[in-house]
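Close look at the chain arrangement
One letter stands for each residue in the lines below.
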Amino acid sequence: MSTCEHEGVERVLFTQEELARRVTEMGAQITADYAGKDLLVVSVLRGAAIFMADLVRAIELPLEMDFMAVSSYGAGTTSSGVVRILKDVTSSIEGRHVLIAEDVLDSGLTLRALVDELASRGPASLAVAALLRKDVPNQAEIACRYVGFECPDEFVVGYGLDYAERYRNLPFIGVLRQDMTE
């Protein structure tokens, strides 16, 4: 983990090369697991969009992509636990194998609500591919079939993850300086 010269980023947690390597490995495993199945990959906007773009290119199968936007944060940096669907999938998921591409599993409250909602729509299977799983106490119980990296409980940005809609375009994941969120 090196230092970072980008303003506001304390240090690099996962380099561009580490991200590329791990996403490729995840794609290969998903390719093996879903061979011959009707796969729909659903990205949770906005944070997971970059991860999903790289992940689906690493999956060597025919697949469909769709997007959801959900909110549970309001203006703050911690989940309120109340989830609102801002943009729903446009595809029917009934009888399909659905893989949710999520950027970070933090409290798990938002993802838990999303998994429950999608499960109620009758998919053949429903799984989660999370780029990061944070080590936080009292995390909601969610079975992530695929996890890119275990992550310390720090505020991370880059590779789609933001603070106040900034930093998403960084090619790495870094830890935001604590004074940036105060």
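Here, the structure is the one placed above.
As a starting point, this report considers the structure included with it. Computed from a predicted model, the values in this text were never measured in an experiment. (Residues numbered from 1 in each chain as written. Predicted model: local features only at pLDDT ≥ 70, side-chain atom pairs only at ≥ 80, totals over all residues. Heavy atoms only, no water.)

1. Some details on the pattern of salt bridges
Formally: When a carboxyl oxygen of Asp or Glu lies within 4 Å of a side-chain nitrogen of Lys or Arg, that pair is called a salt bridge. Only runs of H or I of at least four residues qualify as helices and only runs of E of at least two qualify as strands under DSSP, and these elements are numbered from the N terminus. Any residue under 20% of the maximum accessible area for its type is buried, any over 50% is exposed, and the rest in between are partly exposed; the area is computed with a 1.4 Å probe on protein chains only.
A complete count under the given rule lists 17 salt bridges for this structure. Among the ionic pairs, Glu 64 bridges to Arg 96, the shortest N-O distance being 3.0 Å. Linking Glu 64 in strand β3 (residues 63-71) with Arg 96 in the loop between β4 (84-87) and β5 (97-105), this pair joins segments that are 32 residues apart in sequence. Here Asp 162 and Arg 168 are joined by a salt bridge, their closest N and O atoms 3.2 Å apart. Using a relative accessible area of 22% as the deciding quantity, one classes Asp 162 as partly exposed. What makes Arg 168 buried here is its relative accessible area of 18%. The network of salt bridges with common partners includes Arg 46, Asp 162, Glu 165 and Arg 168.

2. Looking at the sheet that holds β5
Strands in a sheet are paired, the pairing made by backbone hydrogen bonds, and the direction either parallel or antiparallel. Inclusion rule: DSSP-based pairing: two strands are paired if at least 2 bridges between them are found. To obtain each axis, a line is fitted to C-alpha atoms, and for helices this fit is confined to the stretch in contact; angles are then taken between N-to-C directions over 0 to 180 degrees. By definition in these notes, contact holds between two residues if any of their heavy atoms fall within 4.5 Å.
Taken in spatial order, the six strands of this open sheet run β4-β3-β2-β5-β6-β7, and their pairing is mixed. The open sheet terminates on both sides in strands that have one partner only, identified here as β4 and β7 (146-151). Ignoring which end each strand starts from, the neighbouring axes of this sheet average 30° apart. Sitting on the sheet, helix α1 (residues 16-33) touches β2 (39-45), β5, β6 (125-134) and β7, and the angle it makes with β7 is about 150°. In the packing of helix α3 (residues 109-119) onto the sheet, contacts are made with β2, β3, β4, β5 and β6, and the angle to β5 comes to roughly 170°.

3. A closer look at helix α2 (residues 49-58)
Side chains three or four residues apart in an α-helix point the same way, a direct result of the helix having 3.6 residues per turn. Let me state the cut-off plainly: Here the arc refers to the set of directions running from the helix axis out to each C-beta atom.
Every buried residue of α2 is listed here: Phe 51, Met 52, Leu 55, Val 56 and Ala 58. Considered in projection along α2, the buried side chains sweep an arc of 150° and stay on one side of the axis. Of the surrounding elements, those touching the buried residues of α2 are α1, β2, β3, β5 and β6.

4. Some thoughts on the environment of Ala 20
Positionally, Ala 20 belongs in helix α1. Distance in space between the C-alpha atoms of Ala 20 and Val 98 is 23 Å, their sequence separation being 78 residues.

Everything listed here is a matter of coordinates, which is why it stays silent on function.
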